[in-house]
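One letter stands for each residue in the lines below.
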Amino acid sequence: MSKKWELLIKPAFLDYLLKLPSKEVKQVRDKVEMLEQNPLPDGKLKKQLIYMPGRPYRIRSGDYRIFYTFQQDVVCIYKMDDRDDDTYSDTVAPEAPPSSDVLAALDVEHGDAASSSSPRVDWDHAFDSAINSKPLPEPITVELLTRLRVPEQYHARLLRVRDQDRLLSCPGVPDEILLRIDGHMFDPPMEQVIQQPNLVLSDTEDLLRYKEGELLTFLLKLSPDQERYASWSMGGTGPTLVKGGPGTGKSTVALYRIRSLLNQLQANGQAQPRILFTTYTNALIRSSQQLLKQLLGPNHIYVEVATADSIIHKFLRARRQENLYQIESGDQPKKLLTRAIGEVTFNGNQLQQQAQQQILQRMGGDYLMEEIEKMIIARQLGGKEEYVKASRSGRKLRLNATQRTAVWKVYERWLELMKEQGIETFALRRLRAARLLGPQVALQQYDAVVIDEAQDLDPTALRVLVAYCKAPNRLFITADANQSIYGSGFSWSEVHESLRFQGRTCILKANYRSTAEIGEAAQSYLSHGALEPEVTEPQYINNGPTPDARMVAHISHEAQLLTAYFKQASRSLRLPIGSCAVLCPNENAGRALAIALENQGLEATYMSGRELDLSRPGIKVITLKSSKGLEFPIVALAGFTSTNYPIIPADASDEQRAELLAGERRTLFVGMTRAMRALIVIIPQGATTPLLDGFDPKYWNLTRKI
Ligand SMILES: Nc1ncnc2c1ncn2[C@@H]1O[C@H](COP(=O)(O)OP(=O)(O)OP(=O)(O)O)[C@@H](O)[C@H]1O
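Residues numbered from 1 in each chain as written. Predicted model: local features only at pLDDT ≥ 70, side-chain atom pairs only at ≥ 80, totals over all residues.

1. Structural notes on the overall build of the chain
Next, step 1: Of regular secondary structure, the chain possesses 26 helices and 22 strands.
Next, step 2: With 706 residues in all, the chain has 44% of them scored as buried.
Next, step 3: Long-range pairs, those at least 24 residues apart, make up 78% of the contacts in the chain between residues at least 6 apart in sequence. (Helix = DSSP H or I, 4+ residues; strand = E, 2+ residues; numbered from the N terminus. Buried ≥ 20, exposed ≤ 12 C-beta atoms within 10 Å, placed from the backbone. Contact = placed C-beta atoms within 7 Å.)

2. Quick look at the sheet that holds strand β6 (residues 199–200)
Next, step 1: Reading across from one edge, β2-β3-β4-β5-β1-β6 is the order of the six strands in this open sheet, with mixed pairing throughout. Looking at the sheet topology across the chains shown, the edges are occupied by β2 (46–48) and β6.
Next, step 2: Of the strand pairs in this sheet, β2 and strand β3 (residues 57–61) are connected by three bridges, and their pairing is antiparallel. Bridge pairing in β3 places Lys-46 opposite Ile-59.
Next, step 3: Sitting on the sheet, helix α1 (residues 11–19) touches β1 (6–9), β5 (74–81) and β6, and the angle it makes with β5 is about 45°. (Pairing = 2+ DSSP bridges. Axes fitted to C-alpha atoms, helices over the stretch in contact; angles between N-to-C directions.)

3. As for the UniProt feature "binding site: ATP" (unreviewed entry) in the chain
Next, step 1: The feature "binding site: ATP" (unreviewed entry), as given by UniProt, occupies Gly-244, Gly-245, Pro-246, Gly-247, Thr-248, Gly-249, Lys-250 and Ser-251 in the numbering adopted here.
Next, step 2: Residue position: Gly-244 is located in strand β7 (residues 240–244).
Next, step 3: The exposure class of Gly-244 is buried, given the 26 C-beta atoms found within 10 Å.
Next, step 4: Each residue touching Gly-244, except ones within four places of it in the same chain, is listed here: Lys-250, Asp-480, Ile-507, Leu-508 and Lys-509.
Next, step 5: Structurally, Gly-247 is set in the loop between β7 and α12 (250–267).
Next, step 6: Setting aside residues up to four positions removed in sequence, Gly-247 forms contacts with Asn-511, Tyr-512, Arg-513, Ser-514 and Thr-673. (UniProt positions renumbered as here; feature names shortened; annotations may be inferred.)

4. Some points on the site of the ligand
Next, step 1: For the ligand, the set of nearby residues contains 21 residues, the closest of which are Pro-246, Gly-249, Ser-251, Thr-252 and Tyr-512.
Next, step 2: Only α12 and β15 (510–515) provide two or more residues apiece to the shell around the ligand.
Next, step 3: Top contributing element to the shell around the ligand by residue count: α12, with three residues. (Near = placed C-beta within 6 Å.)

5. Side note on the sheet that holds β7
Next, step 1: The six strands are arranged β9-β8-β12-β13-β7-β14 in an open sheet whose pairing can be described as parallel. Both outer strands of the open sheet, β9 (303–307) and β14 (505–508), are each paired with one neighbouring strand and no more. Taking the axes of each pair of neighbouring strands and ignoring which way they run, one obtains an average angle of 15° across the sheet.
Next, step 2: Looking at chain direction, strand β12 (residues 448–451) and strand β13 (residues 475–479) are connected through three bridges and run parallel. Its bridge partner being in β13, Val-449 is matched across the sheet by Leu-475.
Next, step 3: Contacts from helix α13 (residues 282–296) reach β8 (275–279) and β9 within the one sheet, and its direction differs from that of β9 by about 165°.

6. Concerning the packing of helix α23 (residues 516–528) against helix α26 (residues 654–672)
Next, step 1: As a packed pair, α23 and α26 sit with axes 10 Å apart at the nearest point and diverge in direction by 180°. Relative to α26, the element α23 is oriented roughly antiparallel. Contact with α23, carried on its side by Ile-518, Ala-522, Tyr-525 and Leu-526, involves Arg-665, Phe-669 and Met-672 of α26 and no other residues of that element.
Next, step 2: Broken down by class, the residue content of the contact of α23 with α26 amounts to six nonpolar, no polar and one charged. (Parallel < 35°, antiparallel > 145°, perpendicular 65-115°, else oblique. Nonpolar A, V, L, I, M, F, W, Y, C, P; charged D, E, K, R; others polar.)

7. As for the pairing of β7
Side chains on a regular strand alternate between the two faces of the sheet.
Next, step 1: Counting buried positions along β7 yields five of five residues, so the element is predominantly enclosed.
Next, step 2: Every second residue of β7 is oriented toward a common face, with Thr-240, Val-242 and Gly-244 on one face and Leu-241 and Lys-243 on the other, all of them buried.
Next, step 3: Two elements, β7 and β13, share four bridges in a ladder whose sense is parallel. For Leu-241, the partnering residue across the bridge sits in β13 and is Ile-477.
Next, step 4: Bridging between β7 and β14 involves four bridges; their strand directions are parallel. Paired with Lys-243 across the strands is Ile-507, a residue of β14.

8. Overview of the environment of Ala-581
Next, step 1: Relative to the assigned elements, Ala-581 resides in strand β18 (residues 580–584).
Next, step 2: The exposure class of Ala-581 is buried, given the 25 C-beta atoms found within 10 Å.
Next, step 3: Spatially, the C-alpha atoms of Ala-581 and Gly-235 are 42 Å apart, while their sequence positions differ by 346 residues.
Next, step 4: Setting aside chain neighbours within four positions, we find Ala-581 in contact with Ile-619, Lys-620, Ile-622, Phe-632 and Val-635.

9. Notes on unusual backbone geometry
Next, step 1: Despite not being glycine, Arg-149 shows a phi value in the positive range, around 55°.
Next, step 2: Positionally, Arg-149 belongs in the loop between α5 (142–147) and α6 (155–159).
Next, step 3: For Ser-233, which is not glycine, the phi dihedral falls at a positive 55°.
Next, step 4: In this fold, Ser-233 is placed in the loop between α11 (224–230) and β7.
Next, step 5: Overall, the presence of 18 C-beta atoms within 10 Å leaves Ser-233 in the partly exposed class.

10. Observations concerning the nonpolar core
Next, step 1: In this structure, Ile-258, Ile-275, Val-449, Val-450, Val-464 and Leu-465 are the most contacted members of the largest nonpolar core, which totals 73 residues.
Next, step 2: Those residues in contact with Val-450 that lie beyond four places of it in its chain are Ala-254, Arg-257, Ile-258, Ile-275, Phe-277 and Phe-476.
Next, step 3: One finds Tyr-565, Leu-630, Phe-632 and Ile-683 within the second-largest nonpolar core, a separate group that totals 70 residues. (Core = buried A, V, L, I, M, F, W, Y, C linked by C-beta atoms within 7 Å.)

11. Concerning the confidence of the model for the chain
Next, step 1: Across the chain, pLDDT averages 85, with 89% of residues at or above 70.
Next, step 2: Least confident of the elements in the chain is helix α3 (residues 101–106), whose mean pLDDT is 58; most confident is strand β21 (residues 632–637), at 97.
Next, step 3: Taken as a whole, residues 87–100 scores under 50 in pLDDT and shows 33 contacts with residues more than four places along the chain or in a different chain. (pLDDT = per-residue confidence, 0-100.)

12. Here's the deal with helix α8 (residues 175–185)
Next, step 1: Taken as a whole, α8 has its buried residues at Leu-178, Leu-179 and Ile-181. Buried residues of α8, viewed axially, fall in a sector of 165°; they line one side. (Arc of directions from axis to C-beta.)

13. As for α26
Next, step 1: For α26, spanning 19 residues, the distance from its first C-alpha to its last is 26 Å, which sits close to the expected 27 Å at 1.5 Å a residue.
Next, step 2: Among the residues of α26, Gln-656, Leu-660, Glu-664, Arg-665, Arg-666, Thr-667, Leu-668, Phe-669, Val-670, Gly-671 and Met-672 are the ones counted as buried.
Next, step 3: Where α26 is buried, its residues meet α16 (350–363), α17 (365–377), α23, β18, β21 and β22 (675–684). (Expected span 1.5 Å × (residues − 1).)

See below:
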């Protein structure tokens with residue numbers, strides 16, 4: 001029997017299937033089966049379009065045309081259309097080398113995505129020239145909206161829309177609906193289709209099931225490295241660590257690891273295993289749950305998705321200890337810290353005492369609080385002596401033994417004050433849990449524990465999570481040191497003796513999220529601050545326009561510029577306005593900017609980390625810190641005009657200043673790397689902070705007209 005080719009499909013192809021009558025879908029299925037047997041059928045049936053991005057082949061299916069490419073063992077189906085005209089001249093050229101795009105996307109670590117043989121798209125020009133909105137080729141009618149399964153509540157707004165711009169910025173309508181209608185009205189350009197993820201079509205009958213609504217999605221095709229790490233070393237003796245830069249698929253691999261773990265446990269006779277998956281924010285919990293449902297089907301019920309803090313809460317509740325103190329995340333702990341500095345009697349003579357008090361005051365509340373929370377509480381240091389000897393790795397401000405003794409005294413007084421008020425911080429709550437756990441206790445309630453984004457977890461929290469896992473080799477951890485917002489700098493085995501990864505650490509290199517232009521611009525910004533370079537040179541799958549950096553004098557100009565940018569970017573990338581996000585330094589800046597954008601006629605909402613709802617229509621305005629782990633097609637870093645940024649105590653020492661700036665630079669880097677297709681950073685005119693400097697014109701467009 002002849003060999004079968006592996007089939008991959010793009011979302012654009014699936015969108016088109018939904019438009020076709022069922023009978024035609026069967027015909028398409030037959031054609032796809034034919035390609036599965038032989039992607040180069042009889043010469044007359046197919047053509048290669050060598051001047052089209054991706055150099056696809058084209059084959060007829062009744063009145064329609066299917067665009068596809070193939071290489072080695074893989075056939076990738078891009079999209080369909082029903083036109084007869086040819087924008088690109090066709091060439092029958094079976095001897096021409098097929099496109100390298102498919103393989104590059106599948107295995108960029110070993111391929112060379114950037115030097116694809118396809119004609120290169122001039123993204124910057126495409127971005128500039130998006131001026132006129134296209135009229136819709138057919139009117140939006142109730143009948144059409146019903147056919148496209150658009151809920152009635154949105155009909156009234158949509159029925160008034162006449163052109164593509166208004167469609168993609170129609171307020172109050174969810175993005176996926178706008179994209180569905182846009183997809184019905186216009187053919188997606190090939191250069192955008194190529195950048196869509198590859199999905200696996202393991203059974204051609206699934207096309208019919210998808211058309212009938214019995215199957216909702218197809219799974220992502222992982223790269224060979226991702227696939228390997230998803231089930232790598234499961235028979236080993238200890239835990240596995242996956243590292244990698246932003247967007248390399250660490251969270252994706254973690255989800256597939258869960259599937260491998262479930263399969264292994266069930267194959268070993270455990271019909272109903274329990275797996276814990278912890279992630280960073282509530283918004284990530286919701287999206288991970290959805291992905292797990294797709295990936296695991298009915299088996300998703302065996303996986304609990306939670307934040308580390310909610311597991312800590314559960315742990316304390318089981319011991320009736322959860323309500324001993326009220327969590328206080330506002331200003332009160334910092335106020336009590338200032339009070340503690342004033343109340344403590346330091347060692348030595350009066351002059352020495354004054355010197356100690358001064359150094360603590362000079363540190364500033366935030367720095368001292370971080371010292372206490374990250375260096376003492378999170379590391380579960382048992383006493384002053386331990387703190388005096390501790391390495392404090394990750395902190396640039398040196399503290400001698402006398403100064404550390406002073407910090408310890410303030411810490412002890414602060415603890416008393418917090419207790420008196422009946423309040424605690426999250427770090428203190430984690431410490432209580434870790435202490436209750438004791439060194440020996442193993443909770444062993446989950447057959448496997450998968451911890452995503454571990455670089456930002458306190459060691460105390462990690463200890464509790466590790467203790468919940470029944471076997472060390474069923475622990476799986478992902479981390480990225482450069483994205484660490486808090487820069488805690490601990491070694492894994494210091495956290496828990498089970499966290500020894502000898503020979504079980506791997507690194508993902510290919511960035512699937514951001515375009516090469518965004519990734520390289522963010523890297524150049526990071527290295528301008530002399531921060532650790534990436535462990536390996538990152539590789540990119542996609543290309544796009546050069547990111548922009550612009551100066552503005554006032555928040556109203558900022559909102560005008562953002563409005564123009566978002567309209568331009570969403571139009572040229574053919575994305576709804578809801579795919580734009582503004583990442584701000586703090587809540588006040590975010591709220592002010594959301595109002596300013598609304599005043600410009602754009603729908604925009606500020607959302608705090610807790611109330612983040614990514615399905616909400618309109619522009620999402622969030623803080624840089626709560627953007628961790630998320631991604632948006634179009635991103636602006638803004639809001640620096642209306643706020644004092646960054647806050648550095650006037651008399652901070654050089655080391656302290658350097659450390660604060662390094663932390664903030666990493667935070668801005670995390671923000672930049674949330675962008676998938678387009679990125680802009682807005683800098684206040686006359687800003688003196690080095691953080692808003694370092695936009696190398698080689699990577700950043702500083703002059704393009706917006
Ligand atoms: N093999 C792949 N093919 C196509 N898309 C992929 C692939 N792997 C990951 N992606 C996509 O890339 C994006 C980034 O993936 P993911 O969030 O898993 O990366 P990450 O390393 O956890 O990112 P970060 O640490 O920056 O939050 C997601 O949209 C994901 O669906």
